[in-house]
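# Notes for the structure review
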Amino acid sequence: RAGRPGRGQAWWDIPVTIAIAVGAVLLITTFVAKPFSIPSGSMEDTLQVGDRVLVNRLVYHSRAIERGDVVVFDGSDSFVPAADVPHRNPVQGVAAWIAQSFGVVPPDATDFVKRVIGIGGDTVACCDAQGRVTVNGSPLAEADYLYPGDDPSFDEFSVQVPDGMLWVMGDHRSNSADSRSH
């Protein structure tokens, strides 16, 4: 019976197919695109709690981050103090990496989603005479994304963004711990 597979010869097809699929997902989410779930209301109405987004990991290899971009970033040592960053053993680290690759957010995640308001060298301030956030003295037009009824900021500030850093804010300013707080 040459050329005709027996019943026991293909038992390994399913595990091999699953392993290849999981490997492909892990490669894609590590280098190309990664799913995230929105855990808080800091970006409402742009993003709702529970929304799932697919983050392009390649775009910033071809262009710089710009004002107005919505970014996902690891807030370790900036938004989350080093003492509060979860310390995982290697098995927990691998499990968290696999879970995050499939869009499952661990409860101790240090990822944040915010809008870029200023880039290195910019002076970001609030507020001008009309209550608007300004970047390098020019007021921002934020009506398209600012949460309805929110002020651009309840706190007055003026900061020069250091080179290599970003000033980020949530779209729901009254419900966002962002660069104003960190």
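Our subject is the structure listed above.
The following paragraphs examine the structure supplied in this document. The structure displayed is predicted, hence computed values, not measured ones.

Rules used in this analysis
- Residues numbered from 1 in each chain as written.
- Predicted model: local features only at pLDDT ≥ 70, side-chain atom pairs only at ≥ 80, totals over all residues.
- Heavy atoms only, no water.
- Pairing = 2+ DSSP bridges.
- Helix = DSSP H or I, 4+ residues; strand = E, 2+ residues; numbered from the N terminus.
- Disulfide = S-S within 2.5 Å.
- Buried < 20%, exposed > 50% of the residue type's maximum accessible area, 1.4 Å probe, protein only.
- Contact = heavy atoms within 4.5 Å.
- Phe/Tyr/Trp six-rings, centres within 6.5 Å; stacked < 30°, edge-to-face > 60°.
- Lys NZ or Arg CZ within 6 Å of the ring centre and 35° of its normal.
- Core = buried A, V, L, I, M, F, W, Y, C linked by side-chain atoms within 4.5 Å.
- 1 Å grid on protein atoms, 1.4 Å probe; cavity = no way out; pocket = protein on both sides within 12 Å on 5 of 7 lines; lining within 4 Å.
- Points joined across faces, edges and corners; volume = space filled by probe spheres on them.

### Some details on the sheet that holds strand S6 (residues 133-135)
If you walk across this open sheet you meet the 4 strands as S7-S6-S5-S8, and the pairing is antiparallel. Two strands close off the open sheet at either side, each with one partner strand: strand S7 (138-139) and strand S8 (157-160). In this structure, strand S5 (residues 123-126) lies alongside S8, joined through 4 bridges in antiparallel fashion. What sits directly across from Val124, in S8, is Val159.

### Here we look at the state of the cysteines
Counted according to the given criterion, the structure contains 1 disulfide. Two residues, Cys126 and Cys127, share a disulfide whose sulfurs are 1.6 Å apart. Judged by its relative accessible area of 6%, Cys126 falls in the buried class.

### Brief notes about the environment of Val116
Structurally, Val116 is set in strand S4 (residues 111-119). Among the residues examined, Val116 registers a relative accessible area of 1% and is labelled buried. Dropping the residues within four chain positions of it, Val116 is found in contact with Ile65, Glu66, Arg67, Gly68, Asp69, Val71, Leu166, Trp167 and Val168.

### Looking at the packing of aromatic side chains
Within a pair of aromatic rings, the relevant descriptors are the distance that separates the centres and the angle that separates the planes. One pass over the full model with this rule turns up 2 aromatic pairs. Taking 5.8 Å as the distance between ring centres and 25° as the angle between the ring planes, the aromatic pair formed by Phe73 and Phe112 counts as stacked. In this pair, Phe73 sits in strand S3 (residues 70-74) while Phe112 sits in strand S4, placing the two residues 39 residues apart along the sequence. A cation over a ring is seen here: Arg115 above Tyr145, with NZ or CZ 3.8 Å from the ring centre.

### Section: the nonpolar core
Formed by Ile117, Val124, Cys126, Val133, Val135, Tyr145, Phe157, Val161, Trp167 and Met169, the largest nonpolar core amounts to 10 residues. At the level of secondary structure, the elements contributing two or more residues to this core comprise S5, S6 and strand S9 (166-169). Discounting residues that sit within four places of it in the chain, Trp167 has contacts with Arg115, Val116, Ile117, Gly118, Val124, Phe157, Val159, Val161, Ser179 and Arg180. With 5 residues, the next largest nonpolar core counts Val71, Phe73, Phe79 and Val168 among its residues.

### With respect to the layout of surface pockets
When its volume is computed, the largest pocket comes out at roughly 790 Å³. Contributions of two or more residues to the lining of the largest pocket are made by strand S2 (52-56), helix H2 (59-62), S3, S4, S8 and S9. If one sorts the elements of the lining of the largest pocket by residue count, S3 sits on top with 5 residues.

### A short note on unusual backbone geometry
Between Glu44 and the following residue, Asp45, the backbone shows a cis peptide bond with an omega angle of 0°. Relative to the helices and strands, Asp45 resides in the loop between strand S1 (33-37) and S2. Note that the residue after Cys126, namely Cys127, is joined by a cis bond; omega there is 0°. Mapped onto the secondary structure, Cys127 falls in the loop between S5 and S6. Positive phi values are uncommon outside glycine, yet Asn136 reaches one of about 55°. Structurally, Asn136 can be placed in the loop between S6 and S7. Taking relative accessible area as the criterion, Asn136 reaches 43% and is therefore assigned partly exposed.

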